[in-house]
Amino acid sequence: MPSRRLFCWLQALALAAGCVSAVLIVQAQGAKQNVQENPIPDSDADHIKERNEWFFRGRLVRGKPSAELRRRAYLIVD
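About the cut-offs
- Residues numbered from 1 in each chain as written.
- Predicted model: local features only at pLDDT ≥ 70, side-chain atom pairs only at ≥ 80, totals over all residues.
- Heavy atoms only, no water.
- Salt bridge = Lys/Arg side-chain N within 4 Å of Asp/Glu carboxyl O.
- Helix = DSSP H or I, 4+ residues; strand = E, 2+ residues; numbered from the N terminus.
- Buried < 20%, exposed > 50% of the residue type's maximum accessible area, 1.4 Å probe, protein only.
- Patch = residues over 30% accessible without salt bridge, like charges linked within 9 Å, V, L, I, M, F, W, Y side chains within 5 Å.
- Areas by Shrake-Rupley, 256 points an atom, 1.4 Å probe, with all protein chains shown as cover.
- pLDDT = per-residue confidence, 0-100.

## Focus: the pattern of salt bridges
Phase 1 of the analysis: Applying the stated criterion to the full structure yields one salt bridge.
Phase 2 of the analysis: Here glutamate 68 makes a salt bridge to arginine 71, at a shortest N to O gap of 2.9 Å. Pair noted here: glutamate 68 and arginine 71 are both in helix α3 (residues 66-77), with a separation of three residues, about one helical turn.
Phase 3 of the analysis: Glutamate 68 sits in the partly exposed class, given a relative accessible area of 30%.
Phase 4 of the analysis: Judged by its relative accessible area of 44%, arginine 71 is partly exposed.

This is the structure in structure tokens:
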């Protein structure tokens with residue numbers, strides 16, 4: 001039966017391909033390693049000052065915090 005033999009070969013090939021891809025994925029997971037002599041600059045580092053400036057940049061209206069303007073508007077309506 002050639003079809004059964006072919007099926008077994010395809011299963012073996014799929015298993016081998018799965019093992020190879022698993023090994024490659026595991027090796028890729030440890031790719032970003034910092035070496036003491038040559039550290040990799042981390043572009044995702046936390047920049048607190050820049051983050052705060054960005055956060056408040058869109059929350060000012062004519063130099064005043066939008067929360068304060070909203071509070072004043074709420075007080076006027078009541």
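## Let's talk about a nonpolar patch on the surface
Phase 1 of the analysis: On the surface, Leu6, Leu10 and Leu13 cluster together into a nonpolar patch covering about 320 Å² of accessible area.
Phase 2 of the analysis: Examined against the element boundaries, leucine 10 turns out to sit in helix α1 (residues 2-29).

## Structural notes on the environment of phenylalanine 56
Phase 1 of the analysis: By secondary structure assignment, the location of phenylalanine 56 is in helix α2 (residues 48-57).
Phase 2 of the analysis: Distance in space between the C-alpha atoms of phenylalanine 56 and serine 66 is 9.6 Å, their sequence separation being ten residues.

## Quick look at the confidence of the model for the protein chain
Phase 1 of the analysis: On average, residues of the protein chain score 78 in pLDDT, and 76% of them are at 70 or above.
Phase 2 of the analysis: Ranking the elements of the protein chain by mean pLDDT puts strand β1 (residues 60-61) last with 76 and α3 first with 86.

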